[in-house]
Amino acid sequence: MRHVRGLFASLCVLAITTVGASPSAAAADAPVGQMTWAVHVSLAPTWFDPAETSGIITPFMVLYALHDAVVKPLPGSAMTPSLAESWSTSPDGLVYEFVLRKTARFHNGDPVTAEDVKFSFERYRGASAKPLKDSVAAIETPDPGRVRFRLKRAWPDFMTFYVGATGASWIVPKKYVEKVGDEGFKKAPIGAGPYRFVSFTPGVELVVEAFEQYWRKTPNVKRLVLKSIPDEATRLATLKRGEVDIAYAIRGALAEEIKRSPGLTLKPNVGQATFWINFPDQWDAKSPWHDRRVRLAANYAIDRQAMNQADSLGFSRITWSIVPSSFEFYWQPPGYSYDPAKTKKLLTEAGYPNGFDAGDYFCDAAIAYVGEPVVNYLNSAGIRVKLRPIERVAFFRGWSEKKFKGLIQGGSGAFGNAATRIEAFVAAGGAYVFGSYADIDGLFLEQAAELDPKRREAALHRIQQLIHDKAMIAPIWLNAGLAGFGPRVEESGIGLISGYAFSAPYEDVKLKAK
């Protein structure tokens, strides 16, 4: 078997020497102080459990503190050995073996073992669980320090799904979970991450403290506090008063205020969070959205450039896709101009010269700042919709359970590649898929089994072209997160991991010395 470390390029990899990371014993200084974040969403206990990750990036805000993964994105690589010190793949691409790090411990002192890895995989029930689990024939644990996955067929995306698109590689302690149960685990989670759980006050804050035996390094900061402050102006006010050190999601005029405020720093971070509008009723022959011309009309009705400048000070990127431009197999679609006259013409041709009532526009309440101008543009064009912001966990639950009618503002900052985004949001059976098209589904199945990278790229490019040609969605942009941090912060952690939206790794964040 051949050893693999770093970014997994294909099944036909060359041997690469693995090098262990520095043990925590190398860290010289004990953690000190407290760093506090103003978070733009309501924190939810479901995010304490890797088994329930929902195909979005937000849960990882918590996972990177409490838990650790077999392999995970870290600075410098999207696939860094973590709880596993190395992994290898067989020449035929059917076997993946992970060698676990002997120094890795859970917060209760128990070692991380192969049984924990197997248990965490089998227990995983979040987004993209089906394609991942359907690929695995067996999981073997030949000894406590090794775990072996045997695939049913060679699958070029096994590591992409295992590491990036799901939470299946994030490990929980088998014995403890079996003792306390799923609900008990959410109330008092134990992980193997750099910080251990201290307390959680629903709707208020999560408090964690440094786990000094963490294998990678001893964290710099003793205590981290994530405060849930959904109102943007209040987040900024707490940052200016020094009550928090970092504030997420500060937009527009308030972001400009950070730039003008002495001691505060604005930190733009273009990650991999794409936003778009879903037309879930396009498969209903009685709906106006069944007509491609209506979907095109909506696309031409939105002035994305003006929104970008007003909302994210021009830092967001207009990429015209649900797939981030940094992802493997991304295809660049043509753009849509802002053209109200063309919108009017298309609606008239489709039989709606006076527009139509389009119902509700559902969105994540934390991203209502995107939905508000979009709704205004649509209403001005005669596509009459009402904004319906919903708290994040409930929004994604309602979307996945197909409870919404009208329009849905989609968004995801999850790791992966073009295939993982298409699996979750476009292809039949995906977690957030209301309907699909046979030609796209056929191509998706073909590419999943294709071992030739060029042929696979051609298939994934064709799928993205069909998404554009059918006007399946109205893309908005690749989001630029705008955060602010105060004068006590030496290292915010924002942007350390390429593509990641929030602060991480938490053991690397640092306060300035007094």
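Residues numbered from 1 in each chain as written. Predicted model: local features only at pLDDT ≥ 70, side-chain atom pairs only at ≥ 80, totals over all residues. Heavy atoms only, no water.

## Describing the pairing of strand β10 (residues 205-210)
- Judged by how many residues are buried, β10 sits mostly within the fold: 6 of 6 residues are covered.
- Strand direction decides the pairing type here: strand β9 (residues 195-201) and β10, joined by 6 bridges, are antiparallel. Pairing of Y195 across the sheet is with A210, part of β10.
- Where β9 folds back onto β10 in an antiparallel hairpin, the turn is made up of 3 residues, including G203, whose phi is positive at roughly 75°.
- Pairing analysis gives 5 bridges linking β10 to strand β11 (residues 221-228), with the strands arranged antiparallel. Paired with E209 across the two strands is R223, which belongs to β11. (Buried < 20%, exposed > 50% of the residue type's maximum accessible area, 1.4 Å probe, protein only. Helix = DSSP H or I, 4+ residues; strand = E, 2+ residues; numbered from the N terminus. Pairing = 2+ DSSP bridges.)

## A short note on the sheet that holds strand β17 (residues 473-485)
- Taking strand neighbours across the sheet as the criterion, the 10 strands line up as β9-β10-β11-β2-β12-β17-β13-β16-β14-β15 in an open arrangement whose pairing is mixed. Here the strands that pair on one side only, and so sit at the sheet edges, are β9 and β15 (383-390).
- In this sheet, β17 lies alongside strand β12 (residues 246-247) in antiparallel orientation, the contact comprising 2 bridges. Bridge pairing in β17 places A247 opposite G484.

## Some points on the pattern of salt bridges
- Tallied over the entire structure, the rule returns 37 salt bridges.
- A salt bridge links R146 to E97; its shortest N-O distance comes to 3.4 Å. Taken as a pair, R146 in strand β8 (residues 146-151) and E97 in strand β6 (residues 95-100) lie far apart in primary sequence, 49 residues in all.
- Overall, E97 belongs to the buried group, its relative accessible area being 10%.
- Here R388 ties to D360 by a salt bridge, and the two come within 3.2 Å at their closest N and O atoms. Of the two residues, R388 is situated in strand β15 and D360 in strand β14 (residues 356-364); the sequence distance between them amounts to 28 residues. (Salt bridge = Lys/Arg side-chain N within 4 Å of Asp/Glu carboxyl O.)

## Things to note about helix α10 (residues 340-349)
- Residues of α10 that are buried: T343, L346 and L347. Projection of α10 onto a plane perpendicular to its axis shows the buried side chains occupying an angular sector of 100°, all on one side. In this structure, α10 carries A341 and K345 as exposed residues pointing more than 90 degrees from its buried face.
- Next to the buried residues of α10 lie α8 (292-300), β14 and β15. (Arc of directions from axis to C-beta. Contact = heavy atoms within 4.5 Å.)

## Overview of the side chain of N308
- Residue position: N308 is located in helix α9 (residues 304-312).
- Residue contacts for N308: discarding those within four places in its chain leaves L313, G314, F315, S316, I318 and W477.

## Brief notes about the packing of helix α14 (residues 438-448) against helix α15 (residues 453-469)
- Running from N to C, α14 and α15 cross one another at 160°; their axes reach a closest spacing of 9 Å. The orientation of α14 relative to α15 falls into the category roughly antiparallel. For α14 against α15, the interelement crossing comes out left-handed. In this structure, α14 uses D439, I440, L443, F444 and Q447 to contact α15, whose residues at the interface are R456, A459, L460, R462, I463, L466 and I467.
- In terms of residue class, the contact of α14 with α15 is built from 8 nonpolar, 1 polar and 3 charged. (Axes fitted to C-alpha atoms, helices over the stretch in contact; angles between N-to-C directions. Parallel < 35°, antiparallel > 145°, perpendicular 65-115°, else oblique. Left-handed = near helix turned anticlockwise from the far one by under 90°. Nonpolar A, V, L, I, M, F, W, Y, C, P; charged D, E, K, R; others polar.)

## Here we look at the environment of K222
- Mapped onto the secondary structure, K222 falls in strand β11.
- A relative accessible area of 31% means that K222 is categorised as partly exposed.
- Here the alpha-carbon distance between K222 and P173, two residues 49 residues apart in the chain, equals 24 Å.
- When sequence neighbours within four positions are dropped, the list of residues in contact with K222 reads P31, V32, G33, Y195, V208, E209, A210 and E212.

## Re the packing of helix α6 (residues 232-240) against helix α7 (residues 252-260)
- Packing of α6 against α7 brings their axes to within 10 Å, and their N-to-C directions diverge by 10°. By the angle between their directions, the pair α6 and α7 is classed as roughly parallel. Counting all contacts with α6, which are made through E232, A233, L236, L239 and K240, the residues of α7 involved are L254, E257 and I258.
- Partitioning the contact of α6 with α7 into residue classes produces 5 nonpolar, no polar and 3 charged.

## Some thoughts on α14
- Within the span of α14, buried status applies to I440, D441, L443, F444, Q447 and A448. Around the axis of α14, the buried residues are gathered within 165° of arc, so they sit on the same side. Exposed residues lying more than 90 degrees from the buried face of α14 are A438, L445 and E446.
- Residues of α14 that are buried in the fold lie against α13 (418-425) and α15.

## What about the packing of aromatic side chains?
- Taken as a whole and assessed by the stated rule, the structure comprises 39 aromatic pairs.
- Measuring from ring centre to ring centre gives 5.6 Å for F158 and Y162, while their planes differ by 15°; the resulting arrangement is stacked. Remark: Y162 and F158 occur in helix α4 (residues 158-165); sequence separation between them is 4 residues, near one turn of the helix. Here the two residues F158 and Y162 agree in accessibility, since each one is buried.
- Here F396 and W399 contribute two aromatic rings whose centre-to-centre distance is 5.8 Å and whose plane-to-plane angle is 35°, an arrangement assigned as tilted. (Phe/Tyr/Trp six-rings, centres within 6.5 Å; stacked < 30°, edge-to-face > 60°.)

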